[in-house]
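Structure at a glance
Each chain, letter by letter, is given below.
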Amino acid sequence: MTSSGDAPALAWRRKTQEFADREVRPRAPEIDRNDRVPDEVVRSLAREGFLGLGIPEHWGGGGGDARSLVAVLEELSAACAAVAVLVAVHVSVCAQPILTSGTEAQRRRYLPALARGDGVGAFALTEPDAGSDTARIATRYERAGDEFRLRGTKMFTSNAVSAGAVLVFATRDPGLGHRGISAFVVPPGTSGFSVAQRLDKLGLRGSETTELVLDDVRLPAEALLGAEGDGLKIALGALTGGRVGIAACALGVARAAFEEMRRNVRADDAEWKRGALARAFVDLAAARALVERAAERKDAGEPFVRDASAAKLAASRAAVAIASAGVDIAGAEGVRAGATAQRLWRDARVFPIVEGTTEIQELILGRSLLADDESPNPL
Ligand SMILES: Cc1cc2nc3c(=O)[nH]c(=O)nc-3n(C[C@H](O)[C@H](O)[C@H](O)COP(=O)(O)OP(=O)(O)OC[C@H]3O[C@@H](n4cnc5c(N)ncnc54)[C@H](O)[C@@H]3O)c2cc1C
């Protein structure tokens, strides 16, 4: 079940397996029931270096390539998907864009703090009327002298309750489409910035998802991330990398569901159960190959947009299919409150939606396969 002979990724995987067995797996039912990841688990994640993944050492992190990140996320997610998604969002769509698009001052201010776990990283793009169609966002900003003023509402923002930094995307003028969008780093405690509600969800319950209100939030000029008008480019770049991580989280759930199914099928069981187990194995292995391929291409500096979408499609489908078959195999016991099979199915069911839906991945992948410029041979 381990990836190639890549030594750093293998070391991260082993370390995560130990950590997950000790500190995460035993608490997964409680995290699901209580709808939150306890602060002590977040502190342990920071202490063990998981929140500094991908952040260079001189910014307080522990480095780590994409293969290491997917190994960590798969292992965490196999223990508790909500914990893995907390880390995936923090690393991929908050710390990474600050690292790649931030000024030295922004990196100095936010990266060591994020790596230490002084609050987690959040990313606020989605709005009540803008999900897949990100260019439709209506949160407005205006320049007023030396500062920016933001107004609007964000939906489904993960990690915002205890955030150390929230990337907020806003438009200067919705009529400008994607060219009007800029990105801002909002620190905790900023006046006018509040969590309006925590959203109750089917799955990934421990991963806090919120509605945010920006009521005349005033930010200094230094809060702008990248150049004005580059916001959507920054968001989509972060989401492409993030998709590989989310695919690894889905893979972890698929694997946990496969392992749970295997525990529930005996050698003398009905043929259909053994058939379901066989299909689950194939789905899991195919998804794993695509997740690893996407991470390897990212690490090699090759284009990986299509690989990220393929990985996310395959892993989220595998998670849903295997977890659903797992509920069937467990029978009535599988749908009882507290049963592992139903928790895995509820968690799996969120992955085809989060960080770009199945249909959006198909659009990206289809477009990419017909374009000659990415690589002449898509295989
Ligand atoms: C648990 C969870 C955590 C999340 N965390 C974050 C976060 O931290 N930050 C953040 O910004 N957002 C977050 N989101 C939001 C998530 O990214 C969006 O839900 C997602 O992008 C889809 O948007 P939507 O829900 O508005 O669906 P819609 O865009 O309204 O889509 C509804 C349906 O229509 C389909 N559809 C839409 N457009 C097309 C098209 N052009 N062609 C074909 N089919 C289409 C979709 O595939 C889907 O099936 C989170 C969501 C969840 C569930």
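Here the structure is a predicted model, which is why all the values come from computation and not from measurement. (Residues numbered from 1 in each chain as written. Predicted model: local features only at pLDDT ≥ 70, side-chain atom pairs only at ≥ 80, totals over all residues.)

Below, the discussion takes up the site of the ligand. As a structural note, the neighbourhood of the ligand is formed by 22 residues, with Thr 126, Gly 131, Ser 132, Thr 357 and Glu 359 the closest of them. Across the shell around the ligand, the residue classes tally to 11 nonpolar, 8 polar and 3 charged. Taken together, domain 2 (122-229) and domain 3 (232-370) each give at least three residues to the shell around the ligand, which thus spans both. (Near = placed C-beta within 6 Å. Nonpolar A, V, L, I, M, F, W, Y, C, P; charged D, E, K, R; others polar. Domains from an automatic or database assignment.)

Here the focus is the domain arrangement of the protein chain. Interface size is commonly expressed as the accessible surface area that is lost when the partners come together. When its domains are assigned, the protein chain resolves into domain 1 (7-119), domain 2 (122-229) and domain 3 (232-370). Domain 2 and domain 3 are separated by 29 Å when their C-alpha centres are compared. Across the contact, 14 residues belong to domain 2 and 10 residues belong to domain 3. Looking at the side of domain 2 that touches domain 3 residue by residue, the classes come out as 9 nonpolar, 5 polar and no charged. (Contact = placed C-beta atoms within 7 Å.)

Further remarks concern the environment of Ala 183. Relative to the helices and strands, Ala 183 resides in strand 5 (residues 181-186). With 29 C-beta atoms counted inside 10 Å, the residue Ala 183 sits in the buried group. Along the sequence, Ala 183 and Glu 48 sit 135 residues apart, while their C-alpha atoms lie 30 Å from each other. In this structure, Ala 183 is in contact with Leu 167, Phe 169, Leu 225, Gly 226, Gly 231, Ile 234 and Ala 235, ignoring residues within four places of it in sequence. (Helix = DSSP H or I, 4+ residues; strand = E, 2+ residues; numbered from the N terminus. Buried ≥ 20, exposed ≤ 12 C-beta atoms within 10 Å, placed from the backbone.)

At a minimum axis distance of 9 Å, the contact between helix 5 (residues 81-101) and helix 7 (residues 231-264) shows a crossing angle of 155°. The pairing of helix 5 with helix 7 is recorded here as roughly antiparallel in orientation. For the crossing formed where helix 5 meets helix 7, the hand is right-handed. Every residue of helix 7 that contacts helix 5 at Ala 81, Ala 84, Val 85, Ala 88, Val 91, Ser 92, Val 93, Gln 96, Pro 97 and Ser 101 is listed here: Ile 234, Ala 238, Leu 239, Gly 241, Gly 242, Gly 245, Ile 246, Cys 249, Gly 252 and Val 253. (Axes fitted to C-alpha atoms, helices over the stretch in contact; angles between N-to-C directions. Parallel < 35°, antiparallel > 145°, perpendicular 65-115°, else oblique. Left-handed = near helix turned anticlockwise from the far one by under 90°.)

Phe 184, Ala 254 and Ala 319 are the most contacted members of the largest nonpolar core, which has 122 residues in total. Counting residues per element, this core draws most heavily on helix 7, which supplies 18 residues. Contacts of Phe 184, omitting those with residues within four sequence positions, involve Phe 148, Leu 150, Val 168, Ala 170, Leu 219, Ala 223, Leu 224 and Leu 225. (Core = buried A, V, L, I, M, F, W, Y, C linked by C-beta atoms within 7 Å.)

Now for the pairing of strand 1 (residues 120-124). Successive residues of a regular strand alternate their side chains across the two faces of the sheet. Strand 1 sits mainly inside the fold: 5 of its 5 residues count as buried. On strand 1, burial covers both faces: Val 120, Ala 122 and Ala 124 on one face and Gly 121 and Phe 123 on the other are all buried. Relative to strand 4 (residues 163-171), strand 1 is paired through 5 bridges, and the arrangement is parallel. Bridge pairing in strand 4 places Phe 123 opposite Leu 167. (Pairing = 2+ DSSP bridges.)

Our focus in this paragraph is unusual backbone geometry. Positive phi outside glycine occurs at Asp 35, with the angle close to 70°. Inspection of the secondary structure puts Asp 35 in the loop between helix 2 (28-34) and helix 3 (39-47). The class of Asp 35 is partly exposed, set by 16 C-beta atoms lying within 10 Å. In this model, Leu 204 sits at a positive phi of 50°, which is unusual for a non-glycine residue. Its place among the elements puts Leu 204 in the loop between strand 6 (193-198) and strand 7 (209-220).

Turning to helix 7, a few remarks are in order. The end-to-end C-alpha distance of helix 7 is 48 Å, a good match for the 50 Å that 34 residues give at a rise of 1.5 Å each. At Gly 242, helix 7 is deflected by roughly 30°, the largest bend along its length. Burial of helix 7 is extensive: 27 of the 34 residues sit out of reach of the surface. (Expected span 1.5 Å × (residues − 1). Bend = angle between axes of the 7 residues up to and from the residue.)

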